[in-house]
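# Breakdown of the fold
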Amino acid sequence: MFTSPLPWYIAGPLIGLMVPILLIIGNKSFGISSSLRHICASCFPANISFFKYDWKKEIWNLFFVAGIILGGFIAAMYMSNPNPIEISESMQKTFAQYGITDFSGLVPNQIFNWNELLTFKGLSMMILGGFLVGFGTRYAGGCTSGHSIMGLSTLQWPSLIATICFMIGGFISAWFIVPFILN
Amino acid sequence: MISHNNEMRKNDSICTNESQIDHKWYHNLKYTFVGILFGIIFVKAEIISWFRIQEMFRLESFFMYGVIGSAVMIGAISVFLIKKFDIKTIYGEKIIFHPKTFNKGQIIGGLMFGIGWAMTGACPGPLFAQIGTGATVIIITLFSAILGTWVYGLLRDKLPH
């Protein structure tokens, strides 16, 4: 039980509870992508007006993401699932076409590793992909947590539009771009 | 500086700290604790799995839709209850909700983020958690995401909003 994966109907509500917990313990709106902006503002503001604000007031967000890293570490060290992730047969076939046959990690070790970093696959998936995540979330004003969970929970229609666009982008990427890069 | 801050907040939602109270730094440790729980859920529910994200976008699995859908449901009920009963923070402050304004960024930036999400298999939260699980190469993805945010800041005035 301790090491088996959580079902969606437990994980989802627990994530939803992050919204009231952060509000009640300190009036904080749930969101994660802002941490990337605070890192820019604190480390390399470069006189860019977008990074000239009192980031120290938002430092709670950096404490929060530090916790996420630690949580990932604790779960991987002490609670990790000994079995490979369960994947449907049709998805296994798709992954095999991508050259992925090792399902042991949370990210496919055959692509996301240091040796692949500077190959076409690695550059596209890790570096271009990461860049799009950072650029896109800030341009959109939030990510899955800020828009899709916090924004939708507070019934904000701009967040609904953002969420729909996240999904459309994801569909395009998973059906066309990822297969193009990995095939 | 203050008016500049307010302006920044208006035209770009940052996950803002609405509290007016100044605390000693160690008060922030409670967010680290919440973050730890969040990180554990991420890993234990395999939400930070690249495979789960591919399944979601290929419509092969209900799992991620169930996670996000039920999270929004519980979030929305909680917000409703906070508003209805005027629930205060543990410091007795009124809880403030920040309305988001629409701009074209939510469409263009949203599409860009979606594309990156399916490539990396991670939104910003899972990136941090993946690093924690020992996928050290994801540090590079995170740096690239920080660079992306920085370049957005640099080009911000030239982009359609």
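The structure reproduced in this document is the subject of the present report. (Residues numbered from 1 in each chain as written. Chains lettered and ligands numbered in written order. Predicted model: local features only at pLDDT ≥ 70, side-chain atom pairs only at ≥ 80, totals over all residues. Heavy atoms only, no water.)

The next point concerns the overall build of chain A. A tally of helices and strands in chain A yields 8 helices and 0 strands. Going from N to C terminus, chain A has its helices and strands arranged as α-α-α-α-α-α-α-α. For chain A, the C-alpha atoms occupy an extent of roughly 50 × 40 × 35 Å along the three principal directions. A buried classification covers 56% of the 183 residues belonging to chain A. In chain A, 52% of the contacts between residues at least 6 apart in sequence involve partners at least 24 apart. Carbon together with sulfur atoms contributes 70% to the accessible area of chain A, which is approximately 7,500 Å² in total. Computed over 8 positive and 6 negative side-chain charges, the separation of the two mean positions in chain A equals 17 Å. (Helix = DSSP H or I, 4+ residues; strand = E, 2+ residues; numbered from the N terminus. Buried < 20%, exposed > 50% of the residue type's maximum accessible area, 1.4 Å probe, protein only. Contact = heavy atoms within 4.5 Å. Areas by Shrake-Rupley, 256 points an atom, 1.4 Å probe, with all protein chains shown as cover. Lys, Arg positive; Asp, Glu negative; His and termini not counted. Charge placed at Lys NZ, Arg CZ, Asp CG, Glu CD.)

So, on to the interface of chain B and chain A. How big an interface is tends to be stated in terms of the accessible area lost upon association of its parts. Between chain B and chain A, the residue contacts involve 123 residues of the former and 136 residues of the latter. In this assembly, chain B packs against chain A so that about 11,500 Å² is buried in total across both faces, 75% of it on carbon and sulfur atoms. For the chain B face of the interface with chain A, the top three residues by lost area are Lys44, Phe51 and Arg58 of chain B, together amounting to 7%. For the pair chain B and chain A, the interface holds 0 salt bridges. Elements with a contribution of two residues or more to the side of chain B that touches chain A: α1 (2–11), α2 (29–44), α3 (50–57), α4 (63–84), α5 (105–120), α6 (124–132) and α7 (138–155) of chain B. Considered class by class, the residues forming the side of chain B that touches chain A number 70 nonpolar, 38 polar and 15 charged. (Buried area = accessible area lost by both parts, 1.4 Å probe. Salt bridge = Lys/Arg side-chain N within 4 Å of Asp/Glu carboxyl O. Nonpolar A, V, L, I, M, F, W, Y, C, P; charged D, E, K, R; others polar.)

Our next topic: α3 of chain B. For α3 of chain B, the buried fraction is high: 8 of the 8 residues fall into the buried class. All of the buried residues in α3 of chain B are Trp50, Phe51, Arg52, Ile53, Gln54, Glu55, Met56 and Phe57 of chain B. Of the surrounding secondary structure, the elements contacted by the buried residues of α3 of chain B are α5 (89–97), α6 (120–140) and α8 (157–182) of chain A together with α4 and α5 of chain B. Of the residues flanking the start of α3 of chain B, the one acting as N-cap is Ser49 of chain B, its side-chain oxygen 3.1 Å from the backbone nitrogen of Phe51 of chain B. Phi turns positive one or two residues past the end of α3 of chain B, at Leu59 of chain B, with a value near 55 degrees. (Polar contact = N/O pair within 3.5 Å; in protein donor to acceptor, adjacent residues only side chain to side chain.)

Right, let's get into the nonpolar core. Ranked by internal contacts, the top residues of the largest apolar core, which has 99 residues, are Phe30 and Phe64 of chain A together with Trp50 and Trp117 of chain B. In contact with Phe64 of chain A, not counting residues within four places along its chain, are Leu22, Phe30 and Ile32 of chain A together with Tyr31, Thr32, Val34, Gly35 and Phe38 of chain B. (Core = buried A, V, L, I, M, F, W, Y, C linked by side-chain atoms within 4.5 Å.)

Taking burial as the measure, the 21 residues of α6 of chain A include 15 buried ones, the bulk of the element. Following α6 of chain A by one or two positions, Gly141 of chain A adopts a phi angle in the positive range, close to 80 degrees.

This part is about the packing of aromatic side chains. Centre distance and the angle of the planes are the two values used to describe a pair of aromatic rings. Overall, the coordinates contain 28 aromatic pairs over all chains when judged by the stated rule. On the numbers, 5.3 Å between centres and 65 degrees between planes, the contact of Phe50 of chain A with Phe51 of chain A is edge-to-face. Residue Phe50 of chain A shares its accessibility class with Phe51 of chain A, and that shared class is buried. Considering the side-chain rings of Phe135 of chain A and Tyr152 of chain B, the 5.7 Å spacing of their centres and the 85 degrees angle between planes classify their relative orientation as edge-to-face. Of the two residues, Phe135 of chain A is situated in helix α6 and Tyr152 of chain B in helix α7; the pairing between them involves two chains. Aromatic rings pair up to connect Phe30, Trp60 and Phe64 of chain A together with Tyr31, Phe38 and Phe42 of chain B into one cluster. Positioned above the aromatic ring of Phe50 of chain A, the side-chain terminus of Arg37 of chain A is 3.8 Å from the ring centre. (Phe/Tyr/Trp six-rings, centres within 6.5 Å; stacked < 30°, edge-to-face > 60°. Lys NZ or Arg CZ within 6 Å of the ring centre and 35° of its normal.)

Time to look at the packing of helix α7 (residues 144–153) of chain A against α8 of chain A. All names here are of chain A. Running from N to C, α7 and α8 point in directions that differ by 135 degrees, and their axes come no closer than 9 Å. Between α7 and α8, the angle is such that the two are oblique. As α7 packs across α8, the resulting crossing turns out to be left-handed. Across from Thr144, His147, Ser148, Gly151 and Leu152 in α7, the residues of α8 making contact are Ser159, Leu160, Ala162, Thr163 and Phe166. Residues belonging to the contact of α7 with α8 are distributed by class as follows: 4 nonpolar, 6 polar and no charged. (Axes fitted to C-alpha atoms, helices over the stretch in contact; angles between N-to-C directions. Parallel < 35°, antiparallel > 145°, perpendicular 65-115°, else oblique. Left-handed = near helix turned anticlockwise from the far one by under 90°.)

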